[in-house]
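Examination of the molecular architecture
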Amino acid sequence: MKNIVSVLFFTALLVSCQPKGYTIEGNLSDANANGKAYIEYPSFLKGPVMIDSTTITNGKFEFKGEVEQPERYHILIDLDNSNVTSDSSNKKYQSELYIDNSNITFTADISTATKSQWDSLLVIPNPEISGSPTHDFYLSLNKEIASLTNELKELNQRHLELQADSIVNADALQQSLQDKENKKKQLLELLKKNVTSIVAVNETVNVLSDKSIGFSAKQIELLLGTFKKHWANTAQMVALEFTAALAYPSRSITQ
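Residues numbered from 1 in each chain as written. Predicted model: local features only at pLDDT ≥ 70, side-chain atom pairs only at ≥ 80, totals over all residues. Heavy atoms only, no water.

1. Brief notes about the pairing of strand E1 (residues 22–28)
- The element E1 is extensively covered by neighbouring structure, given that five of its seven residues are classed as buried.
- Examined bridge by bridge, E1 and strand E4 (residues 60–65) share six bridges and lie antiparallel to one another. Opposite Asn 27, over in E4, you have Lys 60 as the bridge partner.
- Examined bridge by bridge, E1 and strand E7 (residues 103–108) share six bridges and lie parallel to one another. Its bridge partner being in E7, Asn 27 is matched across the sheet by Thr 107. (Buried < 20%, exposed > 50% of the residue type's maximum accessible area, 1.4 Å probe, protein only. Helix = DSSP H or I, 4+ residues; strand = E, 2+ residues; numbered from the N terminus. Pairing = 2+ DSSP bridges.)

2. Concerning the nonpolar core
- Membership of the largest hydrophobic core comes to 31 residues, with the highest contact counts inside it found for Phe 215, Phe 227 and Leu 240.
- Only helix H2 (133–164), helix H3 (170–193), helix H4 (198–209), helix H5 (217–231) and helix H6 (235–247) provide two or more residues apiece to this core.
- Broken down by element, this core gets its largest block of residues, seven residues, from H4.
- In this structure, Ala 33, Ile 56, Ile 99 and Phe 106 belong to the second largest nonpolar core, which totals 23 residues. (Core = buried A, V, L, I, M, F, W, Y, C linked by side-chain atoms within 4.5 Å.)

3. As for the sheet that holds strand E9 (residues 122–123)
- With mixed pairing, six strands are arranged side by side in an open sheet as E3-E2-E5-E6-E9-E8. Bordering the open sheet on either side are strand E3 (47–56) and strand E8 (114–115), each of which pairs with just one other strand.
- In the sheet, strand E5 (residues 71–78) pairs with strand E6 (residues 93–99) via seven bridges, with the strands oriented antiparallel. Its bridge partner being in E6, Arg 72 is matched across the sheet by Tyr 98.

4. Brief notes about the sheet that holds E4
- Taken in spatial order, the four strands line up as E4-E1-E7-E10 in an open sheet, and their pairing is mixed. At either margin of the open sheet sits one strand with a lone partner, and together these are E4 and strand E10 (128–130). With direction set aside, neighbouring strand axes in the sheet form an average angle of 10 degrees. (Axes fitted to C-alpha atoms, helices over the stretch in contact; angles between N-to-C directions.)

5. Overview of the pairing of strand E2 (residues 35–43)
- Of all nine residues in E2, seven are buried; the element is thus mostly enclosed.
- Counting the residues in the hairpin turn of E2 and E3 gives three residues.
- Of the pairings in the sheet, the one linking E2 to E5 comprises five bridges and is antiparallel in character. If you follow Ala 37 over to E5, its bridge partner there is Ile 77.

6. Points about the confidence of the model for the chain
- When the pLDDT values of the chain are averaged, the result is 85; 85% of them are 70 or greater.
- No element of the chain has a lower mean pLDDT than helix H1 (residues 2–17), at 43, and none a higher one than E4, at 98.
- For the stretch residues 1–16, pLDDT sits under 50, and the model shows zero contacts to residues farther than four places along the chain or on other chains. (pLDDT = per-residue confidence, 0-100. Contact = heavy atoms within 4.5 Å.)

7. Focus: a nonpolar patch on the surface
- Together, Phe 44, Leu 45, Val 238, Phe 242 and Leu 246 line one region of the surface with nonpolar side chains, adding up to about 500 Å² of accessible area.
- By secondary structure assignment, the location of Phe 242 is in helix H6.
- We classify Phe 242 as partly exposed; its relative accessible area is 46%. (Patch = residues over 30% accessible without salt bridge, like charges linked within 9 Å, V, L, I, M, F, W, Y side chains within 5 Å. Areas by Shrake-Rupley, 256 points an atom, 1.4 Å probe, with all protein chains shown as cover. Salt bridge = Lys/Arg side-chain N within 4 Å of Asp/Glu carboxyl O.)

8. Notes on H6
- Over its 13 residues, H6 extends 18 Å from the first C-alpha to the last, a length consistent with the 18 Å expected when each residue adds 1.5 Å.
- By the burial criterion, the buried members of H6 are Gln 236, Met 237, Ala 239, Leu 240, Thr 243, Ala 244 and Ala 247. Here the buried residues of H6 occupy an arc of 160 degrees about the axis, which is enough to place them on one side.
- Each element contacted by the buried residues of H6 is listed here: E2, E5, H4 and H5. (Expected span 1.5 Å × (residues − 1). Arc of directions from axis to C-beta.)

Put into structure tokens, the structure is as follows:
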């Protein structure tokens, strides 16, 4: 009986020690930096939505909150107009991270920021983010996907070169085509294997937007069908279907 009570006690203690929300401790490379930091949610349906803001003092800031489920957010840093909070165009630096209900540390070297190709923001490359299991998974999955897509693009280029070679034999051409298809299957299986994760949803949107990968219509339909089993009637599914339609406008299930 004592053993049972002890187990229940330590279980309750463990549960009580789990974070009920998230804390983000931010550290910038410039110890004299003062301004404002913001959390922004890049909603596919509504556009950027400001979630929270806080003050940056001597290069440090902190957020506290709670999320219903892990998601990708943007951290925006405004060091120029700290009194202006209503317009996201005033934010000078941007980085992204996955937030879950964990104690998260965000460390960024703003001196390495580069100009965004989409807007006036400066993008902070490779901030050090620790404490978020979801962000750790994103880094791992993103690395795997990048490796596969780079290999696939090399195979695509190799196949084009073989097609242009008038003396190449049919076996070499067929093997090249098979190598391409095998690599596509590896990529598709990696995405499907992680279908329940929001990270896989966002990474699949990125993969589908890259038309150079050259998925077949059937491959896309099967991929979307797999995600629909878990993400039906969600904004995430809308993003997947819209991206696929935009990248492959002529696809048909009969192709």
